[in-house]
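Next come the chains, spelled out residue by residue.
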Amino acid sequence: MTHLSVPIAAKNLDQAARQIKAARAAGAEMLELRTDYLENLSTDLVKSLVAAAKSTGRKQLPIIATCRDIRQGAAIDYPLRLRLDVLTAALRAGVEFIDVEYENFLLTDSRERIARAISESTKARLIISAHNFEAKFDNIGKLYRRIQAAYPAAIPKLIYSANHINDCFEAFDLLRGTGGDRIVFCMGEAGLISRIIAKKLNSFVTFASIDENAATAPGQLTCRLLKELYRYDSIGPETELYGVIGSPIAHSLSPAIHNACFDDIGVDKLYLPLLVEGGQHEFDRFMKNVLTRPRLNFKGFSVTIPHKRNALGYTIAGRGAVEPLAERIGAVNTLLIGQDGKLSAYNTDYAGAMEAITSALGPKAKLKDLPVAVIGAGGVARAIVAALRDADAQIRIYNRTIERGRKLAAEFNCDFSPLDDLPDIDAKLIINCTSIGMHPYASATPLPKKYIRKDMVVFDTVYNPPQTLLLKQAKQKKAKTIDGLSMFVNQAAAQFKLFTQKQPNTKLMRKTVCNSLSRR
Ligand code: NAP
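Because the structure is a prediction, the values reported are computed rather than measured.

K.L.:
How should I be thinking about helix α16 (residues 402–411) in this particular structure?
P.N.:
An α-helical turn contains 3.6 residues, so a residue and the one three or four places further along point in the same direction. Looking only at α16, the buried set comprises Gly405, Leu408 and Ala409. Taken end-on, α16 shows its buried residues confined to a sector of 100°, consistent with a single buried face. Residues of α16 that are exposed and angled more than 90 degrees away from the buried face: Glu403, Arg406 and Ala410. As for α16, its buried residues are in contact with α15 (379–390), β16 (394–399) and β17 (415–418).

What follows is the structure, encoded as structure tokens:
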């Protein structure tokens, strides 16, 4: 069983009382009293803190008392002797767990004092912790065994910074390869997923903060995000894992929409943000890490910038199945892992964009020979150009980097112009496939208002904000508009069907995206 523990990191008792109340309201299942945050620390102060934690709320929560060493992330540098006094006082006041750093536990005096204090308590247990704020441990398995040997009844706690998502797999292996109570996860943005799937892998504790300002370690999520966005309460050992692979990924709305729809149809699936920094090499390592650990139960991925071509390359190299459309577009945005561990690759941007265009233009709209201007020549442009070529539209690609634009135009037998030629634009459908106008640069537009005409249809693939400056100005010119949200929801809906073989609630998808954007 995994306990969701919320750190109480207060300077004084008043602040602590407020935090304890807030932690309980946020859904804490355990409290960690970080006594090293208290000013003028004393044993009496800690006894009062424990009493306050025990008397708040109807049901008592188990308590961990921690007084961290400055070398392992303390807020205030208190001497070892005082820290041990505080922990033994907390035990006498009735806490269920005390947390002592492994390196301090090895000191003979500390070990004897702690072992004696623990043996005097009928229920309390010792957590022996090791932290590495820089990188992975040299040998996490060996460290785990040493901690166990030092005090077999202790709960080993091993926490390290992941500098890349690929660093997390050692933590997962340790959790999978060991039984009993132990606490293992990674810090930092690259380690974020380990805090969530700690529950699936049965870590004894995972930590979450009351709010963004109260995090006591890098990468710590808030209780609200963990519970509302990442379906914490429904995570179990059999939960199937999905996620969006990209870099950067923190801004992605895919976890919000997929998790909301998994919840909607009540399936045991969880969708994670998978920050895979680097290029093909790092992508390949991530996929290998996942595919060689089938018991982690990863089943599928969305793929975004900069890995859409890497996903194609990896699938082909591994003799997976690439749908012909994705191969022709030259980009993959969806991967599935089959029962046999084989990959299959798809592109749902094509259908997502086409659906957005045809539903806005109406079923009778003729795309054949329609003059279309596609601004941009990246991944999204590729999918849209392929879709419109299949519909026999007349496409002219405009791009900043001439070579890239020319290459795409040649591949799909289209025309090309540099961005300088936009004043001469003479198309009926204008599609922005660049990131111009995207948050936080929402005051930018790829096409000045004076070049927009009433008889044009303007489609902006940017969906954050949903109403870009380009779309606002097109509306002012009374042109028809298509927003990026429609395409985003359509491509996500197609992915959802691949992930679940079920129709998603697209209204819920759109509402979730709008709510998430308005909260930012
Ligand atoms: P990408 O492969 O990185 O391509 C980016 C394109 O934008 C390139 O053509 C690039 O030109 C151009 N560009 C970027 N900054 C520019 C600037 N300051 N001035 C002129 N051109 C600039 O990205 P992508 O995957 O195609 O995504 C592009 C945009 O599509 C995203 O920003 C996102 O808003 C949107 N998108 C929408 C959906 C949806 O479902 N609605 C899905 C994915 C993406 P160069 O070739 O010169 O670099």
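Let's pick the thread back up.
K.L.:
Whenever I open this one, the pattern of salt bridges confuses me. Can you help?
P.N.:
Between side chains of opposite charge, pairing is possible as soon as their charged atoms come close. Scanning all chains against the criterion turns up 29 salt bridges. The partner of Lys54 in a salt bridge is Glu96, with the nearest N and O atoms 3.7 Å apart. One end of the pair, Lys54, is in helix α2 (residues 43–55); the other, Glu96, is in the loop between α3 (80–92) and β4 (97–101), and 42 residues separate them in sequence. Of the two residues, Lys54 and Glu96, neither departs from the other in class, the shared state being buried. Residue Asp263 pairs with Arg231 through a salt bridge whose shortest N-O separation is 3.0 Å. With Asp263 in helix α10 (residues 254–265) and Arg231 in the loop between α9 (223–229) and β9 (240–246), the pair connects residues that are 32 residues apart, well separated along the chain. Of the residues examined, Asp263 reaches a relative accessible area of 49% and is grouped as partly exposed.

K.L.:
Mind showing me how you'd approach the site of the ligand here?
P.N.:
Contacts to the ligand come from 23 residues, most closely from Ala377, Val380, Asn399, Thr401 and Thr461. Contact distances for the ligand include 2.9 Å between an oxygen atom and a backbone N or O atom of Val380. One of the backbone nitrogen or oxygen atoms of Thr461 is found 2.9 Å away from a nitrogen atom of the ligand. Its free accessible area being 920 Å², the ligand has 81% of it covered by the protein chains. For the shell around the ligand, the secondary structure elements donating two or more residues are α15 and α18 (484–500). At four residues, the largest contribution of residues to the shell around the ligand is made by α18.

Definitions and cut-offs
One numbering rule holds for all chains: residues counted from 1, following each sequence as written. Local features in this predicted model are restricted to residues of pLDDT 70 or higher, and side-chain atom pairs are both shown and tallied only at a pLDDT of 80 or more, whereas totals for entire chains, interfaces and linings draw on every residue. Derived side-chain values reflect all non-hydrogen atoms in the structure, with water molecules and hydrogen atoms excluded from consideration. Note on exposure labels: buried denotes an accessible area under 20% of the residue type's maximum, exposed denotes more than 50%, and partly exposed covers the range between, all computed with a 1.4 Å probe on protein chains only. The way it works is that DSSP assigns letters per residue, a run of H or I at least four long becomes a helix, a run of E at least two long becomes a strand, and they are numbered from the N terminus. As used here, the arc belongs to the directions running from the helix axis to the C-beta atoms. When checking whether two residues touch, look at their non-hydrogen atoms; a contact exists if any pair is within 4.5 Å. When a carboxyl oxygen of Asp or Glu is within 4 Å of a side-chain nitrogen of Lys or Arg, the pair counts as a salt bridge. Residues are counted as near a molecule or strand when any one of their heavy atoms sits within 4 Å of it. The term polar contact refers here to a pair of N or O atoms within 3.5 Å; inside protein, the definition further demands a hydrogen-donor-capable atom paired with an acceptor-capable atom, and it admits residues adjacent in sequence only when both atoms are side-chain atoms. Only the protein chains shown count as cover for residues, and the accessible areas themselves come from Shrake-Rupley with a 1.4 Å probe.

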